[in-house]
Amino acid sequence: MTHILKINNLSKHFGGLKAVSGISFGIEECKISGLIGPNGSGKTTTLNMISGLLTPTAGEIYFKDTNIVGKKMAEINRMGIARTFQQIRLFPELTCFQNVLAARHTREGEAWWHPIVMPKKSEAEAKKSRQKSLEILDFVGIYEHRNTQAKNLSYGNQRKLEIARALATEPKLLLLDEPVAGMNPTESEGIVSLLKKLRADGLTAILVEHTMNVVMNICDDIVVLDMGQIIAEGKPAEILANQRVIDAYLGKRGGKGDA
Amino acid sequence: MDKTKKFIKEYYLQIFGLLLISIPVLKGNSYYYQVATMCGIYCLFTISVNLVTGFTGQLTLGQVAFYAIGAYSSTILAMKFSVPVLLAMVLGGLIAAVFGLLIGFPALRLSGVYLGIATLGFAEIVRQVSLIWVNLTRGPLGIPGIPRPNIFGLVIDTGFGYFALILAILSIVYIAVDRLTKSKIGLVFLTIREDETAAESIGINIAFYKILAFVLSAFIAGIAGAFMAHFITYISPSNFISAESFLVLSMYVLGGPASLPGSIGGAIVLTVASEALRFLQGYRQIFYGVLLIAIILFKPEGISGILKTNKITVGLPKNKEELNLLLKEGKN
Ligand SMILES: Nc1ncnc2c1ncn2[C@@H]1O[C@H](COP(=O)(O)OP(=O)(O)OP(=O)(O)O)[C@@H](O)[C@H]1O
Ligand SMILES: [Mg+2]
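For clarity, every value in this text was computed on a predicted model and none was experimentally measured. (Residues numbered from 1 in each chain as written. Chains lettered and ligands numbered in written order. Predicted model: local features only at pLDDT ≥ 70, side-chain atom pairs only at ≥ 80, totals over all residues. Heavy atoms only, no water.)

S.K.: Before we go on, may I ask you to explain the sheet that holds strand 9 (residues 221–226) of chain A in this structure?
M.R.: Sheet strands pair via backbone hydrogen bonds, and the direction of the pair is either parallel or antiparallel. All names here are of chain A. The six strands are arranged 6-7-8-3-9-10 in an open sheet whose pairing can be described as mixed. In this open sheet, the two edge strands, each paired with only one partner strand, are strand 6 (81–83) and strand 10 (229–234). Taking the axes of each pair of neighbouring strands and ignoring which way they run, one obtains an average angle of 20° across the sheet. Examined bridge by bridge, strand 9 and strand 10 share five bridges and lie antiparallel to one another. (Pairing = 2+ DSSP bridges. Helix = DSSP H or I, 4+ residues; strand = E, 2+ residues; numbered from the N terminus. Axes fitted to C-alpha atoms, helices over the stretch in contact; angles between N-to-C directions.)

Structure (structure tokens):
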């Protein structure tokens, strides 16, 4: 039971709006944890805080026992947290290969001037990165599209490319924000099998998702948010049977108990 | 026959470059050398714009500021402090780079048109300073009699000499920038231009790379300005008006973003065109304007689109075999 990520009393307020208020939970290594909840419940906001895109109003986020609150997104990524975005953010004019290669390059230890003064050595390093990038493209199943500009990919493949790009940074923790949203069943099936493959390889991830059968199918643990607060935590089966979760999804909000 | 075709296909840029270089040499007259040397200066200048605007997507409308700083610094160092001219040129570039650094930091907070306006403002400040700081710059009178470059006692004062020198400088800068931008750094620059947040999400320190682009760009523009000063041997604030920034911007746009061969092409075409169109006088500006609009509307990739040397080639292997393997059966 090692928690790779521990969230302590985390809050984010936008003006008067409490998007996330005082949530605490832990993420175990080598598991895929689901973060679910109705629209506007604060899931994306939570991922944004973990990845450093947003600074929390209060609370701590411990990643491998280091408080990462206040660190920049790039630094957090280099520590080992990668993410995808609910609204896909690729490098549209670049090819799939370049999208992934760019992410690989950030893992090379070279100084910026190395390519100028020692091109041979730099090229050797780049070659390794190119190899690795192609492997990753192959792994997520878009190898054949490697020379296609990201903007020309199908929606499903754009999602895959975003995952490939995140994987290229070799994350210890991957944050996925609705990776199957807006997909047709075949595309969605592709992502699900990709995630299963990753889980078999020992990936640790937080999966934000609305599609229940995907969540139930993939997640080891689930945290349920509603109006910025955690209303349930547990195994998929427990969550499905939880009355507060059912109420939240059916819209009977704040009816009873201590929210 | 097939072999020659292949050879041409592979080396057409180099062949074309050699042909271009040979024109002034064969003609051997000083006017041709002079135009060719100006082409070289504008090539440097355009590459500097491309580095910061084409690669990292930071719009600069005031590139002439660094050109001016390079020109004045080198001139003053050479004349007041008797620094050897070639060294003074390098120092002029470095001083421009320091200003690039100073501008780079506030530029982090701006983007798009706002950054463009800020750089435009900076260029205007530099020009005003050059007008007012009479002790150093002689103000509107300008500085005549700027010493010519001198390599180990050999004074460069012929058309051929200047042409050879700018060719050497341009080659060094071109190779360095080419290596840099075809490496991971070029790709990193492009990711920043494409989507800053996504770039950060894969661990790219965008502040560092944006400033790096600014500094390198300022250095190159500074060298171009310094060379121009020691070539024309007279500079005054009227050399550094904003129209100059817009001229190189036109060259950059004509060449196409993120393509060095494009920038070279754009710079040469417009330098030669403005010589050829001298008879149009002030109406030349209209020509540039119309050209700019036409390119943006009909051929946004500019010359680079025709040469197929645009951004999609950044980061690809140089090794032909590996490249072919990568491109094979790849859908495009
Ligand atoms: N940058 C912002 N400024 C102001 N309010 C915001 C901002 N980002 C999110 N919110 C608000 O915070 C609340 C939580 O939003 P969030 O995006 O985290 O929800 P979510 O659980 O991801 O929802 P969805 O399932 O629709 O993606 C919403 O009410 C949203 O409108
Ligand atoms: Mg969301």
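Don't stop here, the text continues.
S.K.: Looking at this structure, I do not really get the coordination of the magnesium ion (ligand 2). What am I missing?
M.R.: Any two of four tetrahedral donors ideally make an angle of 109.5 degrees at the metal, while pairs among six octahedral donors ideally make 90 or 180 degrees. Residue and element names in this part refer to chain A. Protein-derived ligands of the magnesium ion (ligand 2) are Thr-44 (OG1) and Gln-86 (OE1), with the metal-ligand distances lying across 1.8 to 2.1 Å. Here Thr-44 is found in helix 1 (residues 43–51), whereas its partner Gln-86 is found in the loop between strand 6 and helix 3 (96–105), with 42 residues between them in sequence. Under the relative-accessibility criterion, Thr-44 is labelled partly exposed at 24%. Overall, Gln-86 belongs to the partly exposed group, its relative accessible area being 31%. (Donors = N, O, S within 2.8 Å, 3.2 Å for Na, K, Ca; no water. Buried < 20%, exposed > 50% of the residue type's maximum accessible area, 1.4 Å probe, protein only.)

S.K.: Quick question: what am I supposed to make of the site of ligand 1 here?
M.R.: Residues and elements named next belong to chain A. Around ligand 1 lies a shell of 13 residues, among which Lys-43, Thr-44, Thr-45, Gln-86 and His-210 are the nearest. One nitrogen or oxygen atom from the side chain of Lys-43 is found 2.8 Å from an oxygen atom belonging to ligand 1. The separation between an oxygen atom of ligand 1 and a polar side-chain atom of His-210 is 2.7 Å. When isolated, ligand 1 has an accessible area of 630 Å², and the protein chains bury 62% of it. (Near = heavy atom within 4 Å. Polar contact = N/O pair within 3.5 Å; in protein donor to acceptor, adjacent residues only side chain to side chain. Areas by Shrake-Rupley, 256 points an atom, 1.4 Å probe, with all protein chains shown as cover.)

S.K.: Help me out: how do you make sense of helix 7 (residues 159–182) of chain B in this one?
M.R.: It helps to recall that an α-helix has 3.6 residues per turn; residues three or four apart then point in one direction. The end-to-end C-alpha distance of helix 7 of chain B is 33 Å, a good match for the 34 Å that 24 residues give at a rise of 1.5 Å each. The complete set of buried residues in helix 7 of chain B reads B:Gly161, B:Tyr162, B:Phe163, B:Leu165, B:Ile166, B:Ile169, B:Leu170, B:Val173, B:Val177, B:Asp178, B:Leu180 and B:Thr181. (Expected span 1.5 Å × (residues − 1).)

S.K.: In this structure, what is going on with the environment of A:Ala19? I would like to understand it.
M.R.: All names here are of chain A. With respect to the helices, strands and loops of the structure, Ala-19 is situated in strand 2 (residues 17–28). Under the relative-accessibility criterion, Ala-19 is labelled buried at 11%. Sequence separation of Ala-19 and Thr-46 is 27 residues, and the distance between their C-alpha atoms is 8.8 Å. Beyond its immediate sequence surroundings of up to four residues, Ala-19 is in contact with Lys-12, Phe-14, Ser-41, Gly-42, Thr-45 and Gly-228. (Contact = heavy atoms within 4.5 Å.)

S.K.: Is there a simple way to explain the packing of aromatic side chains in this structure?
M.R.: Residue and element names in this part refer to chain B. This model, assessed by the stated rule, comprises 14 aromatic pairs over all chains. Seen from their ring centres, Tyr-33 and Phe-163 are 5.8 Å apart, and the 45° between their planes marks the pair as tilted. Placement of Tyr-33 in helix 2 (residues 30–55) and of Phe-163 in helix 7 is noted, with a sequence separation of 130 residues between them. With respect to burial, Tyr-33 and Phe-163 carry one shared label: buried. Consider the rings of Tyr-42 and Phe-45, whose centres lie 6.2 Å apart with planes at 15°: the pair is stacked. (Phe/Tyr/Trp six-rings, centres within 6.5 Å; stacked < 30°, edge-to-face > 60°.)

S.K.: Even after reading the chapter, I still don't get the interface of chain A and chain B, so can you show me in this structure?
M.R.: Interface extent is often summarised as the accessible area lost during association of the parts. Residue-level contacts link 40 residues of chain A with 40 residues of chain B. Three residues, A:Phe91, A:Trp112 and A:Asn147, lead the burial of chain A against chain B; their summed loss comes to 19% of the area buried on that side. Our enumeration of links across chain A and chain B arrives at one salt bridge. Across the pair B:Asp195 and A:Arg89 runs a salt bridge whose closest N-O atoms are separated by 2.9 Å. Looking at the side of chain A that touches chain B, the elements that each hand over two or more residues are helix 2 (73–79), helix 3, helix 4 (114–117) and helix 5 (119–140) of chain A. It is helix 3 of chain A that provides the largest number of residues to the side of chain A that touches chain B, a total of six residues. The residue makeup of the side of chain A that touches chain B, split by class, is 17 nonpolar, 10 polar and 13 charged. (Buried area = accessible area lost by both parts, 1.4 Å probe. Salt bridge = Lys/Arg side-chain N within 4 Å of Asp/Glu carboxyl O. Nonpolar A, V, L, I, M, F, W, Y, C, P; charged D, E, K, R; others polar.)

S.K.: Looking at this structure, how should I read the side chain of A:Arg130?
M.R.: Mapped onto the fold, A:Arg130 is located in helix 5. Sequence-distant contacts of A:Arg130, that is, excluding residues within four places in its chain, are made with A:Phe97, A:Leu101, A:Glu123, B:Gly315, B:Leu316, B:Pro317 and B:Glu322.

S.K.: Would you mind going over the sheet that holds strand 5 (residues 66–67) of chain A with me for this structure?
M.R.: All names here are of chain A. In spatial order, the strands read 2-1-4-5; together these four strands make up an open sheet with antiparallel pairing. Two strands bound the open sheet, and with one partner strand each, they are strand 2 and strand 5. Alignment of strand 1 (residues 3–14) against strand 2, held across eight bridges, turns out to be antiparallel. In the strand pairing of strand 2, Leu-10 is matched with Ile-23. Those strands touched by helix 1 are strand 1, strand 2 and strand 4 (58–63), and its axis lies near 115° from that of strand 1.

S.K.: Looking at this model, I keep getting lost on the nonpolar core. Mind explaining?
M.R.: Taken as a class, soluble globular proteins show a tendency for nonpolar side chains to be buried jointly. Core analysis: the largest hydrophobic core is formed by 144 residues, its most contacted members being A:Leu161, B:Ile41, B:Leu44, B:Phe189, B:Phe227, B:Ile235 and B:Phe240. For this core, the element with the highest residue contribution is helix 10 (residues 206–232) of chain B, accounting for 16 residues. Those residues in contact with A:Leu161, other than ones at most four positions away along the chain, are A:Leu90, A:Cys96, A:Asn99, A:Val100, A:Leu137, A:Ile142, A:Ala150 and A:Leu153. In terms of nonpolar packing, the next biggest core, distinct from the first, is built from 23 residues, A:Phe25, A:Ile61, A:Ile76 and A:Ile81 among them. (Core = buried A, V, L, I, M, F, W, Y, C linked by side-chain atoms within 4.5 Å.)

S.K.: Explanation requested: the confidence of the model for chain A in the structure shown.
M.R.: Considering every residue of chain A, the mean pLDDT works out to 88; 96% of them sit at 70 or more. Across residues 254–259 of chain A, confidence stays below pLDDT 50; counting only partners more than four residues off in sequence or on other chains, it has five contacts. (pLDDT = per-residue confidence, 0-100.)

S.K.: Before we go on, may I ask you to explain the pattern of salt bridges in this structure?
M.R.: Pairing between side chains of opposite charge can happen when their charged atoms approach one another. Residues and elements named next belong to chain A. Counted by the stated rule, this structure contains 13 salt bridges over all chains. Among the salt bridges present, the one from Lys-31 reaches Glu-28, with a minimum N-O distance of 3.3 Å. Classification of Glu-28 by relative accessible area gives buried; the value is 15%. Linking Arg-104 and Glu-170 is a salt bridge whose minimum nitrogen-to-oxygen distance equals 3.0 Å. Here Glu-170 lies in the loop between helix 6 (155–167) and strand 7 (173–177) and Arg-104 lies in helix 3, a separation of 66 residues in the sequence. The exposure class assigned to Arg-104 is buried, which follows from its relative accessible area of 12%.

S.K.: How should I be thinking about unusual backbone geometry in this particular structure?
M.R.: Negative phi values dominate among residues other than glycine, just as trans dominates among peptide bonds. Positive phi is not limited to glycine here, since A:Cys30 has a value of about 60°. Mapped onto the secondary structure, A:Cys30 falls in the loop between strand 2 and strand 3 (32–36). Even without glycine at this site, B:Thr233 takes up a positive phi of about 65°. Among the secondary structure elements, B:Thr233 is positioned in the loop between helix 10 and helix 11 (242–255). For B:Thr233, a relative accessible area of 16% translates into the label buried.

S.K.: Even after reading the chapter, I still don't get the packing of helix 7 of chain B against helix 10 of chain B, so can you show me in this structure?
M.R.: When two helices pack together, their arrangement is captured by the angle between the axes and the distance separating the axes. Residue and element names in this part refer to chain B. Taken N-terminus to C-terminus, the directions of helix 7 and helix 10 make an angle of 175°; their axes are 12 Å apart at the nearest point. Our classification of the angle between helix 7 and helix 10 gives roughly antiparallel. Residues Tyr-162, Leu-165, Ile-166, Ile-169, Val-173, Val-177 and Leu-180 of helix 7 pack against Leu-216, Ile-220, Ile-223, Phe-227, His-230 and Phe-231 of helix 10. Of the residues belonging to the contact of helix 7 with helix 10, the class tally is 12 nonpolar, one polar and no charged. (Parallel < 35°, antiparallel > 145°, perpendicular 65-115°, else oblique.)

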